[in-house]
Amino acid sequence: MASSYLPQTDAALNSWAQNFATQIAADPEALGITAAEVTSYTALQADFTTKYAAATNPDTRGGATVLAKNTARKSLVAQSRKLAMAITNHPGVTDQQRYDLGLTVRDKELTPSPVPGSAPNIDLVAVQGHVIKLRLHNG
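Cut-offs and rules
- Residues numbered from 1 in each chain as written.
- Predicted model: local features only at pLDDT ≥ 70, side-chain atom pairs only at ≥ 80, totals over all residues.
- Heavy atoms only, no water.
- Core = buried A, V, L, I, M, F, W, Y, C linked by side-chain atoms within 4.5 Å.
- Buried < 20%, exposed > 50% of the residue type's maximum accessible area, 1.4 Å probe, protein only.
- Helix = DSSP H or I, 4+ residues; strand = E, 2+ residues; numbered from the N terminus.
- Contact = heavy atoms within 4.5 Å.
- Patch = residues over 30% accessible without salt bridge, like charges linked within 9 Å, V, L, I, M, F, W, Y side chains within 5 Å.
- Areas by Shrake-Rupley, 256 points an atom, 1.4 Å probe, with all protein chains shown as cover.
- Salt bridge = Lys/Arg side-chain N within 4 Å of Asp/Glu carboxyl O.
- Phe/Tyr/Trp six-rings, centres within 6.5 Å; stacked < 30°, edge-to-face > 60°.

Focus on the nonpolar core
Here's step 1: Judged by nonpolar contacts, the single largest core of 22 residues is most densely connected at W16, F20, I24, Y41 and I87.
Here's step 2: Those elements giving two or more residues to this core turn out to be α1 (10-26), α2 (35-56) and α3 (63-89).
Here's step 3: With residues near it in sequence (within four places) discarded, W16 still touches Y5, L6, P7, Y41, S80, L101, G102 and L103.

Some details on a nonpolar patch on the surface
Here's step 1: Taken together, the side chains of I122, L124, V127, I132, L134 and L136 make up a nonpolar region of the molecular surface, amounting to roughly 640 Å² of accessible area.
Here's step 2: Taken together, the elements giving at least two residues each to the nonpolar patch come down to β1 (121-128) and β2 (131-137).
Here's step 3: Within the fold, L134 resides in strand β2.

Some details on the packing of aromatic side chains
Here's step 1: Evaluation of the coordinates by the stated rule reveals 4 aromatic pairs.
Here's step 2: Here the aromatic rings of Y5 and W16 are separated by 6.0 Å at their centres, their planes lie at 40 degrees, and the arrangement is tilted. Here Y5 is found in the segment before α1, whereas its partner W16 is found in helix α1, with 11 residues between them in sequence.
Here's step 3: With 4.8 Å between their ring centres and 15 degrees between their planes, W16 and F20 make a pair best called stacked. With W16 and F20 both in helix α1 and 4 residues apart, this pair spans about one turn of that helix.
Here's step 4: Residue classification places W16 among the buried residues on the basis of a relative accessible area of 10%.
Here's step 5: An aromatic cluster is defined as three or more aromatic residues linked by ring pairs; in this entry it consists of Y5, W16, F20 and Y41.

Considerations on the pattern of salt bridges
Here's step 1: For the structure on display, the rule yields 5 salt bridges.
Here's step 2: In this structure, D10 and K69 form a salt bridge, with 2.5 Å as the shortest nitrogen-oxygen distance. Placement of D10 in helix α1 and of K69 in helix α3 is noted, with a sequence separation of 59 residues between them. The pair D10 / K69 is uniform in exposure class, with both members buried.
Here's step 3: Across the pair R73 and D10 runs a salt bridge, and its minimum N-O distance is 2.6 Å. Of this pair, R73 sits in helix α3 while D10 sits in helix α1, and the two are 63 residues apart along the sequence. Side by side, R73 and D10 carry an identical accessibility label, which is buried.
Here's step 4: Bridged by salt links that share partners, the residues D10, K69 and R73 form one connected network.

Now the structure itself:
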């Protein structure tokens, strides 16, 4: 499975989301999203930044601040994925824009695998309860 474009650590996600918010605010229409979506995302990003700071500060860190940060993270990640999907599927978005946003830039040079000349043979090797073992082979 390919790794996500979203960073795994809170610190990296915070930096990524700040960049994403800045980039989408510059020209949302060119990315296929609305100004209202940008405003909503910016609020989520700012909320996460605030709660992340509270959860990592030794003077304020505690169960409640960590829970608040984790809740804000879930909301931010969900909205990030939603906007990223809309941007990725928008036909006018370039690979450079995707790169600048921190999104995955897919290889457009993919070539399909050739169709096999013949179907494989299947042998039943064993049956144990609900587990079936098969062997696939040529010819």
